[in-house]
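An overview of the molecular structure
Spelled out, the chains give:
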Amino acid sequence: MAKGRKNGLYTEISAELSALMRTGWADTERHDLLPDEQAPHAAARRAKLSALFPGERLVIPSGNLKTRSNDDDYPFRPYSGYVHMTGDQARDGALVLEPRDGGGHDAYCFQLPRDSRDDDVFWTGATAELWTGRRRSLAESARVLGLPCRDVRTAADELAAAPGAPTRIVRGIDPALERAVTTDEDRDEELAEALSGLRLVKDAWELGELRKAVDSTVRGFTDAIADLSTAVATSERWIEGTFFRRARLEGNAVGYGSICAAGEHATIMHWTDNDGPVRPGDLLLFDAGVETRTLYTADVTRTLPISGTFTPLQRKVYDAVYEAQEAGMAAVKPGAHYRDFHEAAQRHLAVRLVEWGFVEGPAERAYALGLQRRFTMAGTGHMLGLDVHDCARARNEEYVDGVLEPGMVLTVEPGLYFQPDDLTVPEEWRGIGVRIEDDLVVTESGHENLSAGLPRSADEVEAWMARVSG
Ligand code: GLY
Ligand code: MN
Ligand code: MN
């Protein structure tokens, strides 16, 4: 937090205080730090990026703090493209790939160094270490990241003074660095697309992190269900808080706002107010994911009967979604078109909706016209990784219009949502929402469901709830 703010109680620093503050500090430079285990993987990712942009300087910022009010900031989240290419999470940083004579690039990082104790900044500045915590020195960062590191405070001047090779920067992340370079918007977008596209296939290290994210998420779901059987979980907020505790304990945070949607809130795709009651007899649609300390997130949904047992109608809807998910998951294999799993699941739901009389048949016509979307609302899944909707800026040809490859990780998450005010369905269906969401990695022979540790079928879910509630 910036000191010396308007209405702060201290208005002046005496010369004596300034001198006192500058003296008497130990040398805490760390010489024992080892390279981060991700460093070689990040180097391999940079080599792929380098090959895409020969002879060009690339600037990939990490981002800055965003003010919430006065001297209070929102929690910082680095740009995922920076994290992927460095393994680093520092704010105010930037990766630069400088083209080398004879081909390839030299990589280095701009970082905010430690504060000197020779002036007042370390205890009065906007980024004062004494208030916000110790940072790594440039030498420490160089060892951890396996990259030369320079002082970011002179980055804008350095980049502006040495225009050098044609430059591209990822826009929208660090306005000061963006102003320092002369670039073209369309060419910059190609850099952002490339960074997004390079995340489509996860390396072995990333898959390990995603497994950790899913495993923590399974534990978080189990915590939440254990609470359901007690009187404490009478509010969606309680469920949210229970999961959040697990996320903070084992990971960094939640990878997106948890959706704790009881009763008719389950029909709201992105319900994150989570301020409703949790009542026996209703369903709870619970969509949540732990984000690891390295910022990889899970994204899992289970729809649970709060009382422990589905009503016949709830089970009918649940079974249709379950069968659609089975059909979708069966289509996840290398060489399949990315869209196949979506189409398989949506087709199945169209058949059921026609069968129930909610959509005019025949089913294939309804599907061709997209009529099922009134009740299925969303696409059946998305790539998953550092961002919950990962690789979102990748070129369509390599993502939604592309083909699945081993190492891709995606969600399969069909759902049915009958809005509480939908007069086209019988009254007892209104307010029912069901989604089942799992995280799959494409393997050489098909796929592996990373979230298989959470029961899925209606019978398994009921048995699981009975077990967890003892
Ligand atoms: N939790 C957001 C999603 O499922 O896409
Ligand atoms: Mn999802
Ligand atoms: Mn989700």
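Thoughts on the packing of helix 12 (residues 312–330) against helix 16 (residues 458–468)
It is the contact of helix 12 with helix 16, at a shortest axis distance of 10 Å, that shows an interaxial angle of 120 degrees. For the element pair helix 12 / helix 16, the angle class is oblique. When helix 12 is examined against helix 16, the residues R315, Y318 and D319 are found in contact with a partner set consisting of A458, D459, V461 and E462. Classifying every residue of the contact of helix 12 with helix 16 gives 3 nonpolar, no polar and 4 charged.

Some words on the pattern of salt bridges
Scanning all chains against the criterion turns up 40 salt bridges. Close ionic contact of R187 with E56 constitutes a salt bridge, the shortest N to O distance being 3.0 Å. Remark: E56 occurs in the loop between helix 2 (39–52) and strand 1 (57–61) and R187 occurs in helix 9 (residues 185–197); sequence separation between them is 131 residues. Given the relative accessible area of 29%, R187 is considered partly exposed. Between R153 and D151 there is a salt bridge whose closest N-O contact spans 2.8 Å.

Re the site of ligand 1
All residues in the neighbourhood of ligand 1 are listed as Y256, D287, D299, H382, H389, E413 and E437. Contact between ligand 1 and D299: an oxygen atom at 3.1 Å from a side-chain N or O atom of the residue. When ligand 1 is considered free in solution it has 190 Å² of accessible area, and contact with the protein chains removes 90% of it. For the shell around ligand 1, the per-class residue count stands at 1 nonpolar, 2 polar and 4 charged.

Examining the coordination of the manganese ion (ligand 3)
Donor atoms from the polypeptide that bind the manganese ion (ligand 3) are D287 (OD), D287 (OD), D299 (OD) and E437 (OE), placed at 2.0 to 2.3 Å. Coordination at the manganese ion (ligand 3) is irregular, judged from the 6 donor atoms that bind it and the angles of 57 to 171 degrees they form at the metal. Between the manganese ion (ligand 3) and the manganese ion (ligand 2), a separation of 3.3 Å is found, and both are coordinated by D299. Of the two residues, D287 sits in strand 10 (residues 283–288) while E437 sits in the loop between strand 15 (433–435) and strand 16 (438–442), which places them 150 residues apart along the sequence. Take D287 and E437: they sit in the same class, and that class is buried.

Conventions adopted
Residues numbered from 1 in each chain as written. Chains lettered and ligands numbered in written order. Predicted model: local features only at pLDDT ≥ 70, side-chain atom pairs only at ≥ 80, totals over all residues. Heavy atoms only, no water. Axes fitted to C-alpha atoms, helices over the stretch in contact; angles between N-to-C directions. Helix = DSSP H or I, 4+ residues; strand = E, 2+ residues; numbered from the N terminus. Parallel < 35°, antiparallel > 145°, perpendicular 65-115°, else oblique. Contact = heavy atoms within 4.5 Å. Nonpolar A, V, L, I, M, F, W, Y, C, P; charged D, E, K, R; others polar. Salt bridge = Lys/Arg side-chain N within 4 Å of Asp/Glu carboxyl O. Buried < 20%, exposed > 50% of the residue type's maximum accessible area, 1.4 Å probe, protein only. Near = heavy atom within 4 Å. Polar contact = N/O pair within 3.5 Å; in protein donor to acceptor, adjacent residues only side chain to side chain. Areas by Shrake-Rupley, 256 points an atom, 1.4 Å probe, with all protein chains shown as cover. Donors = N, O, S within 2.8 Å, 3.2 Å for Na, K, Ca; no water. Tetrahedral: all angles 85-135°; square planar, octahedral: opposite > 155°, others 65-115°.

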